[in-house]
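The residues making up each chain are set out below.
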Amino acid sequence: MASTQDTARPRGIQGSRRRGVALHTVLVLGLLLSAFPFYWAVIMSTHTSSEIFSYPPKLLPGSHFLENVRSLFDTVDFFGSMANSLLVAGSVTFLVLLFDSLAAFVFAKFEFPGKRLLFVLLMFIFMVPAQLAAIPQFVIMARIGWIGSMTALIVPAAANAFGIFWMRQYMKGAIHDELLDASRIDGASFLRQYWHVALPVVRPGLAFLGIFTFMGQWNDYAWPLIALTDPDNVTLQVALSQLNGTHGTTDYGMVMTGALLALIPLLVVFAIGARQIIGDLAKGAIK
């Protein structure tokens, strides 16, 4: 009997090792497939257009990266457009985190007349495509006199239905009623409950919403193209679209260089937000 158990244990250990090796192999393959588009963008940004379309394709870096960078800076105001995008994306992200978390806190942990009706209305807004609101939004911005300014990009996006819905669902499970009851006994007001009780608990949810919002605003192209009438005062995505030439004269090496440089702020924001998510989840939601 003992010998049978002794032989079964090595087999079980070998089976678990094989499963571990297979799992890590699949993860490595997934990582390589996910990283290949970034690698290919780097490769194309170091070549000329003729080299990009050559056969067989070049898989190693070329020697034209600095030339493509100079051509990019000579063609568009790259840093000015990036500053505009940083202003818009950063302002919208801050306002969305503030307003959406406040509204979600009320929806998740407080009762008030018309709560269900307002939440149903919020879900209807959530399901409406943003493209349908472009014309009415433009008319409103024009009557206010905001067309052509960054305000037309920041104020309409200061709150959204997805952020409220996401934070409400997160707060319902993360914030325990006992914590709020204890804070009320201590005499905490609504804002103190929000700032000292709710926010420390829901930081992973806020980090995800911040990443999602910043990336959406950074990559937004249609509304800035409509609202910013001055071609010298545009966001980065609109400026990069000006690199597309006519009659087949597009310098794809320069285009890929611009796209690659535009990824840097996104990678920085993603790294900061992902670190916040992982760190808070590792510490635990309640201290």
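Look above for the structure.
What comes next concerns the included structure. On a predicted model such as this, the values are computed, not experimentally measured, just so you know.

Details of the overall build of the protein chain
No. 1: Summing up its helical and strand segments, the protein chain has 14 helices and zero strands in all.
No. 2: The order of helices and strands in the protein chain, counted from the N terminus, is α-α-α-α-α-α-α-α-α-α-α-α-α-α.
No. 3: A globule of 287 residues ought to have a C-alpha radius of gyration of about 19 Å, yet the protein chain, at 25 Å, is considerably larger.
No. 4: Expressed as a percentage of the 287 residues in the protein chain, the buried residues total 33%.
No. 5: Partitioning the intrachain contacts of the protein chain with sequence separation of at least 6 by distance along the chain shows that 74% fall at a separation of at least 24.
No. 6: Surface accessibility of the protein chain: about 17,600 Å² in total, with carbon and sulfur atoms responsible for 69%.
No. 7: For the protein chain, the centre of its 19 positive side-chain charges and the centre of its 16 negative side-chain charges are spaced 16 Å apart.

Comments concerning the packing of helix α5 (residues 115–127) against helix α8 (residues 161–174)
No. 1: As a packed pair, α5 and α8 sit with axes 9 Å apart at the nearest point and diverge in direction by 125 degrees. Comparing the axis directions of α5 and α8 gives the class oblique. α8 is crossed by α5, and the crossing has left-handed handedness. Every residue of α8 that contacts α5 at F119, L122, M123, I125 and F126 is listed here: A161, F162, I164, F165 and R168.

Reading the values: the criteria
Residues numbered from 1 in each chain as written. Predicted model: local features only at pLDDT ≥ 70, side-chain atom pairs only at ≥ 80, totals over all residues. Heavy atoms only, no water. Helix = DSSP H or I, 4+ residues; strand = E, 2+ residues; numbered from the N terminus. Rg over C-alpha atoms; globule rule 2.2 N^0.38 Å. Buried < 20%, exposed > 50% of the residue type's maximum accessible area, 1.4 Å probe, protein only. Contact = heavy atoms within 4.5 Å. Areas by Shrake-Rupley, 256 points an atom, 1.4 Å probe, with all protein chains shown as cover. Lys, Arg positive; Asp, Glu negative; His and termini not counted. Charge placed at Lys NZ, Arg CZ, Asp CG, Glu CD. Axes fitted to C-alpha atoms, helices over the stretch in contact; angles between N-to-C directions. Parallel < 35°, antiparallel > 145°, perpendicular 65-115°, else oblique. Left-handed = near helix turned anticlockwise from the far one by under 90°.

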